[in-house]
Amino acid sequence: MSMGFLIEETAPVVWRGLMVMSAVEKLLRQVDWGQLDYLVIDMPPGTGDVQLSVSQNIPITGAVIISTPQDVALLDARKGAEMFRKVHVPVLGLIQNMSVFQCPKCKHETHIFGADGVRDLAETLGLDILGDIPLHVNIRETCDSGQPVVISQPQSDAAKAYLKIAKEIVRRLPVPPA
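As the structure is a computational prediction, the values presented were derived from the model and not from experiment.

Novice: Is there a simple way to explain the environment of proline 90 in this structure?
Specialist: Within the element layout of this structure, proline 90 appears in the loop between helix 3 (71-86) and strand 2 (91-102). You can call proline 90 partly exposed: its relative accessible area is 42%. Once the C-alpha coordinates of proline 90 and alanine 158 are considered, the two residues, 68 residues apart in sequence, prove to be 27 Å apart.

This is how it looks when you write it as structure tokens:
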């Protein structure tokens, strides 16, 4: 389910406050999710209305902060982690996205956005790194085709990176009631 289903495809989402919470309520309370093991809510970076509304109105087991290793992105990541702590949502850890680019021709690795920014932030905040996601053309291509890399190329290094992170997140969550 996506917020994109609630609006026209090309329409911008310019919602604040009550409009945001109304949309979140619809997604959570009016969608038949069936029997879930986990519900993952992907939110934009920052500490705005969406994050506050969700964290104050829904019981959240934990937050995962995802950032590229560049300085400007790390500012938002830090604010996000601090906001979740302030509203008493445990931060399970950080994920470094687009951590390295490997040239498909020569296999040379380049840290386009920096090498260890998220690792340094995790250390500063006393949090763990849950994993790294590389900047890889197959990730974009498989997502664009509707067949994410973990489905279409489950033995690839990119898929293994996602699966490793998912296992680490689940390991940190409380055991669901039977």
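Novice: Would you mind showing me how to read unusual backbone geometry here?
Specialist: Glycine aside, residues mostly have negative phi, and peptide bonds are mostly found in the trans state. Despite not being glycine, methionine 98 has its phi angle at roughly 55 degrees, a positive value. Position of methionine 98 among the secondary structure elements: in strand 2. You will see that lysine 107, though not glycine, has its phi angle at about 70 degrees, which is positive. Here lysine 107 shows up in the loop between strand 2 and strand 3 (109-110).

Novice: Would you explain the environment of glycine 34 in this entry?
Specialist: Mapped onto the elements, glycine 34 comes out in the loop between helix 1 (17-29) and helix 2 (49-57). When the C-alpha positions of glycine 34 and aspartate 128 are compared, they lie 32 Å apart, and in sequence the two are 94 residues distant.

Novice: Quick question: what am I supposed to make of the layout of surface pockets here?
Specialist: Using a probe with the size of a water molecule, rolled over the atoms, empty space left in the structure can be pinpointed. Of the voids in this model, the largest pocket is the one considered here, and its volume is about 1,700 Å³. Contributing to the lining of the largest pocket are 43 residues, with Val40, Ile41, Asp42, Val64 and Ile66 lying nearest its centre. Mapped onto the lining of the largest pocket, the elements with two or more residues apiece are helix 1, helix 2, strand 1 (63-67), helix 3, strand 2 and helix 7 (157-172). Examining the composition of the lining of the largest pocket, we find that six residues originate from one element, helix 7, more than from any other. Of the residues belonging to the lining of the largest pocket, the class tally is 32 nonpolar, seven polar and four charged. Approximately 600 Å³ is the volume found for the second largest pocket. If you trace the second largest pocket, you find 24 residues lining it, with Met3, Leu27, Ile41, Asp42 and Val50 closest to the centre. Of all elements in the fold, only helix 1 and helix 2 reach the threshold of two or more residues within the lining of the second largest pocket. Within the lining of the second largest pocket, the residues separate by chemical class into 17 nonpolar, four polar and three charged.

Novice: Would you mind showing me how to read the packing of helix 3 against helix 4 (residues 117-125) here?
Specialist: For any two helices packed against each other, one specifies the crossing angle of their axes together with the interaxial distance. In contact at an axis separation of 11 Å, helix 3 and helix 4 are set at 30 degrees when each is read in the N-to-C sense. If you check the angle between helix 3 and helix 4, you find them roughly parallel. The two elements helix 3 and helix 4 cross, and the hand of that crossing is right-handed. Taken together, the residues of helix 4 that come into contact with helix 3 (itself represented by Leu74, Ala77, Arg78, Ala81, Glu82 and Arg85) are Gly117, Val118, Leu121, Thr124 and Leu125. Considered class by class, the residues forming the contact of helix 3 with helix 4 number six nonpolar, two polar and three charged.

Definitions and cut-offs
Residues numbered from 1 in each chain as written. Predicted model: local features only at pLDDT ≥ 70, side-chain atom pairs only at ≥ 80, totals over all residues. Heavy atoms only, no water. Helix = DSSP H or I, 4+ residues; strand = E, 2+ residues; numbered from the N terminus. Buried < 20%, exposed > 50% of the residue type's maximum accessible area, 1.4 Å probe, protein only. 1 Å grid on protein atoms, 1.4 Å probe; cavity = no way out; pocket = protein on both sides within 12 Å on 5 of 7 lines; lining within 4 Å. Points joined across faces, edges and corners; volume = space filled by probe spheres on them. Nonpolar A, V, L, I, M, F, W, Y, C, P; charged D, E, K, R; others polar. Axes fitted to C-alpha atoms, helices over the stretch in contact; angles between N-to-C directions. Parallel < 35°, antiparallel > 145°, perpendicular 65-115°, else oblique. Left-handed = near helix turned anticlockwise from the far one by under 90°. Contact = heavy atoms within 4.5 Å.

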